[in-house]
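So you can see what is in the structure, the chains are spelled out below.
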Amino acid sequence: MTTDRDAVYNRIALLRAEQGVTRRELADALGVHYQTVGYLERGEYNPSLHLALRIAEFFGLPVEVVFSTRPFPRISDAARPAQADPSAAAG
């Protein structure tokens, strides 16, 4: 189990969904057990540098797009338009 200080956040589940890849398919491509992919996605296991690089390569992305030491912003937050200031509309 990792502490918050040691946590490595990732976008593996999101990338798998976008590319239509199952946990088993990713695991087979990486040469790991499919449960390892689940542990990684849930943050229950931090990948070695070698495994993190291989995962990023699999998705064709830089490693820092897939992994971070800080939580990634939620996509739903980024997709929301900025709320207009209601007082600005009064005139």
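Scroll up for the structure.
A quick note: this is a predicted structure, and the numbers were derived from the prediction, not measured.

**Quick look at the nonpolar core**
In step 1: Ranked by internal contacts, the top residues of the largest apolar core, which has 15 residues, are Ile-12, Leu-26, Ile-55, Phe-59, Val-66 and Phe-67.
In step 2: Where this core is concerned, the elements lending two or more residues are α1 (12–19), α2 (23–30), α3 (34–41) and α4 (49–59).
In step 3: It is α4 that provides the largest number of residues to this core, a total of five residues.
In step 4: Ignoring anything within four residues of it in the chain, the contact list for Phe-67 reads Val-8, Tyr-9, Asn-10, Ile-12, Pro-47, Ala-52, Ile-55 and Phe-72.

**Observations concerning the packing of aromatic side chains**
In step 1: Enumeration over the complete set of coordinates arrives at one aromatic pair.
In step 2: Each ring, one from Phe-58 and one from Phe-59, has its centre 5.0 Å from the other, and the planes form 90 degrees; the classification is edge-to-face.
In step 3: Exposure remark for Phe-58: the relative accessible area of 31% places this residue in the partly exposed category.
In step 4: We note Arg-24 situated over the ring of Tyr-34; from NZ or CZ to the ring centre the distance is 4.2 Å.

**Details of α3**
In step 1: Among the residues making up α3, those that are buried are Thr-36, Val-37, Gly-38, Leu-40 and Glu-41.
In step 2: Along its buried surface, α3 packs onto β1 (9–10), α1, α2 and α4.
In step 3: Downstream of α3 by one or two residues, Gly-43 has phi in the positive range, about 75 degrees.

**A closer look at α2**
In step 1: Within α2, the full set of buried residues consists of Leu-26, Ala-27 and Leu-30. Down the axis of α2, the buried side of the element spans an arc of 100 degrees, and every buried residue falls inside it.
In step 2: Buried residues along α2 sit against α1, α3 and α4.
In step 3: Backbone geometry just after α2 places Gly-31 at a positive phi near 75 degrees.

**Regarding the side chain of Glu-41**
In step 1: On the secondary structure map, Glu-41 appears in helix α3.
In step 2: Setting aside residues no more than four positions away along its own chain, Glu-41 makes contact with Asn-10, Ile-12, Ala-13, Arg-16 and Arg-23.

**Overview of the packing of α1 against α3**
In step 1: Two numbers describe how α1 lies on α3: the axes approach to 8 Å, and their chain directions differ by 120 degrees. Comparing their axes, α3 and α1 come out oblique. Where α1 abuts α3, its residues Ile-12, Ala-13 and Arg-16 lie against Val-37, Leu-40 and Glu-41.
In step 2: Of the residues that constitute the contact of α1 with α3, the class distribution is four nonpolar, no polar and two charged.

Cut-offs and rules
- Residues numbered from 1 in each chain as written.
- Predicted model: local features only at pLDDT ≥ 70, side-chain atom pairs only at ≥ 80, totals over all residues.
- Heavy atoms only, no water.
- Core = buried A, V, L, I, M, F, W, Y, C linked by side-chain atoms within 4.5 Å.
- Buried < 20%, exposed > 50% of the residue type's maximum accessible area, 1.4 Å probe, protein only.
- Helix = DSSP H or I, 4+ residues; strand = E, 2+ residues; numbered from the N terminus.
- Contact = heavy atoms within 4.5 Å.
- Phe/Tyr/Trp six-rings, centres within 6.5 Å; stacked < 30°, edge-to-face > 60°.
- Lys NZ or Arg CZ within 6 Å of the ring centre and 35° of its normal.
- Arc of directions from axis to C-beta.
- Axes fitted to C-alpha atoms, helices over the stretch in contact; angles between N-to-C directions.
- Parallel < 35°, antiparallel > 145°, perpendicular 65-115°, else oblique.
- Nonpolar A, V, L, I, M, F, W, Y, C, P; charged D, E, K, R; others polar.

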